[in-house]
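A structural walkthrough
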Amino acid sequence: MHIWPTYIRTRLTLWYIAIFSLIMGLYVSAACAIQYWELNEQLYHAEVQDMETVEGLLYFTPDGRLLLHEEYHSRPGSRLLLDRLMEVLDPNGAVLFRNEKLNGLALGGPPLPQEASVSHYASRMRIADGRHVLVVSHFHPVQGKRVLIRLAYSTEPLRRRLIELLVVLMLVLPLALIAAGFAGYRVAGKALNPLAAMADLTEQITATRLSSRVPVENPNDEFGRMACVLNGLLERLEEAFQKLQRFTSDVSHELRTPLASIRSVGEVGLQQSHSDAEYKDILGSMLEEVSRLTSMIDTLMTIAHADSGSIQLNRTVFPLMELIEESVGVVDVLAEEKKQTIFVAGDSALSVSADRGFLRMAVINLLDNAVKYSPVGSTIHILLELSTQERRYVKLAIADEGPGIPISEASRVFDRFYRLDGGRTRDEGGAGLGLAIAKWSVEAHGGEILLDSELGRGSAFTIRLPAV
Ligand code: ADP
């Protein structure tokens, strides 16, 4: 069974009370121990003083009995003196004197060696009637004879004082614990308030209300930091969500155009009868749109896989020049149609470790753009070289003599569905996914893709990949 409370506030309070009790327990024990030690010291010093008084009052009668001048009772130094127990022995252990208060009981047996070892030897004992006493022993000559004087006082008053102290402390302790528990509960509640507020607010956040933020009272304390982290998370979620929404609407928009075109071509075809050649034309243009749609859907599938992180790169080491030549072979037909020349130069021995398929896709997309957007009869330069500036990487530059890309658009051209449409018709360009795919592919290989362009003078896209 689960008995530990689930609420942090209650748990904190219980911990607080437990720790407070422990500290109070230690405090009470220390206070009692110090008090006991001090009282003991006082008693011992009183006894040592009394010993000096007693020494002067002892005398032997002519018949050899040891007696005590009794007049000291008239000036007792302390109330304790009245309860003095006293015994005097000769060095052989024969009892020379015992006072009345002792009722004939012994304060220990014959002299012990340790009693002679220090001037005033202190020991505790329980005498035959059950009283606990503190005995101070001292050897002293009385009229030339060496005797052992033992003085003892009951430690009962000392014990009583201690118990009194303990009772007082024990009476106060529960009150202190209740007060501490109450205060702890309040403090814990106050400290945890921001957490409750955060939970309430977070509960209200839904996919459509991702713009809400958790209030941050003090960004430097723990809750403030947590609120900031939560807000950061919300911000990223909101961004991702907006991106997804934008992507979905872009996809729908892009799909609608070829579909509408297929439909209108079909409708025109059905409106009246046509010759076989005309029907072939109609079907041909419909198929063209279908193949455009198919390739876009293929690209979208690749993007979806890339986004979900489920694409596994199948890396092999191969000379990059090989792949460049292959890619040039793919766009060659288009370039020839536009009477463009493609120059390839560079180190054929440079190899990379990459997924051939995905890297080829990136290079073809860049080459395809260069051909597509450059004027008839222009030249495209491809240069492959090794750079050893900061770290070793392979640099593949594709430069064209096309219209160029304004600096302000340089980073946006890599966004999905982003097209620079000024003066470029839709027929000429694609869906605006080519550069996005190329960027993803290069980055997945640990590289980067850069754009250097001047409006009206051409663009140069550079792929940088770690060298092997
Ligand atoms: P698209 O399929 O439309 O070519 P991309 O993602 O490949 O899409 O390119 C995005 C946009 O960047 C293009 O619409 C085009 O306007 C611009 N662009 C890409 N490459 C070039 C280039 N070599 N020269 C001029 N503009 C380019």
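Okay, so let's go over this structure.

Some thoughts on the sheet that holds strand S5 (residues 121-126)
- Read across the sheet, 5 strands follow the order S4-S3-S7-S6-S5 without closing on themselves; strand pairing throughout is antiparallel. Across the chains shown, the open sheet's two edge strands, defined by having one partner strand only, are strand S4 (95-98) and S5. Each strand of the sheet is rotated relative to its neighbour by a mean of 25°, with strand direction disregarded.
- In terms of strand pairing, S5 meets strand S6 (residues 132-142) through 6 bridges, oriented antiparallel. Across the sheet, residue Arg126 finds its bridge partner in S6, namely His132.

As for the packing of helix H6 (residues 320-337) against helix H7 (residues 356-373)
- Relative to each other, H6 and H7 sit at 40°, their axes nearing to 9 Å. In terms of axis orientation, H6 runs oblique to H7. With respect to the hand of their crossing, H6 and H7 are arranged in right-handed fashion. Where H6 abuts H7, its residues Leu320, Glu322, Leu323, Glu326, Ser327, Val328, Val330, Val331, Leu334 and Ala335 lie against Arg356, Leu359, Arg360, Val363, Ile364, Leu367, Asp368 and Val371.

A closer look at helix H8 (residues 434-444)
- By the burial criterion, the buried members of H8 are Leu435, Ala436, Ile437, Ala438, Ser441 and Val442.
- The inward-facing, buried residues of H8 abut helix H5 (276-308), H7, strand S13 (448-454) and strand S14 (458-466).
- Positive backbone phi, approximately 80°, marks Gly446, located one or two places after H8.

A closer look at the packing of aromatic side chains
- This model, assessed by the stated rule, comprises 4 aromatic pairs.
- With a centroid separation of 5.6 Å and an interplanar angle of 45°, the aromatic rings of Phe247 and Phe417 are classed as tilted. In this pair, Phe247 sits in helix H4 (residues 222-271) while Phe417 sits in the loop between strand S12 (393-399) and H8, placing the two residues 170 residues apart along the sequence. Summarising the burial analysis for this pair, Phe247 and Phe417 share the class buried.
- Relative to Trp440, the ring of Phe358 lies with its centre 5.2 Å away and its plane at 85°, an arrangement referred to as edge-to-face. Residue Phe358 is found in helix H7, and its partner Trp440 is found in helix H8; the two are separated by 82 residues along the sequence.
- On the basis of relative accessibility, which here comes to 17%, the residue Phe358 falls in the buried class.
- Take Trp440: its relative accessible area is 22%, and that puts it in the partly exposed class.
- The aromatic ring of Phe139 is capped on one face by Arg146, whose charged end is 4.2 Å from the ring centroid.
- Arg416 extends its terminal NZ or CZ atom over the ring of Phe247, reaching a point 5.2 Å from the ring centre.

Definitions and cut-offs
- Sequence order as written defines the numbering, with residues in each chain counted from 1.
- Whole-chain, interface and lining totals are the exception, using all residues; otherwise, since this is a predicted model, local features are given only for residues with pLDDT of at least 70 and side-chain atom pairs are given and counted only at 80 or more.
- The basis for every side-chain value is the complete set of non-hydrogen atoms in the structure, without hydrogens or water.
- When DSSP finds at least two bridges between two strands, those strands are taken to pair.
- Note on conventions: DSSP H or I runs of at least 4 residues are helices, E runs of at least 2 residues are strands, and numbering of each starts at the N terminus.
- For helices, the fitted line uses only the C-alpha atoms of the stretch in contact; every axis is such a line through C-alpha atoms, and the angle between N-to-C directions lies from 0 to 180 degrees.
- Note on angle classes: values under 35 degrees are labelled roughly parallel, values over 145 roughly antiparallel, values of 65 to 115 roughly perpendicular, and the remainder oblique.
- Left-handed describes a crossing whose near helix is turned anticlockwise from the far helix by less than a right angle; the clockwise case is right-handed.
- Note on contacts: a residue pair is in contact if any heavy atoms of the two residues lie within 4.5 Å.
- Per-residue accessibility, obtained with a 1.4 Å probe over protein chains only, is compared with the maximum for each type, and a residue is labelled buried under 20%, exposed over 50%, and partly exposed between these values.
- Put simply, two rings from Phe, Tyr or Trp (the six-membered ring, in Trp's case) pair if the centres are within 6.5 Å, and we call them stacked under 30 degrees between planes, edge-to-face over 60, tilted for the rest.
- The criterion is that NZ of a Lys, or CZ of an Arg, lies within 6 Å of the ring centre and within 35 degrees of the ring normal, and then a charge sits over that ring.

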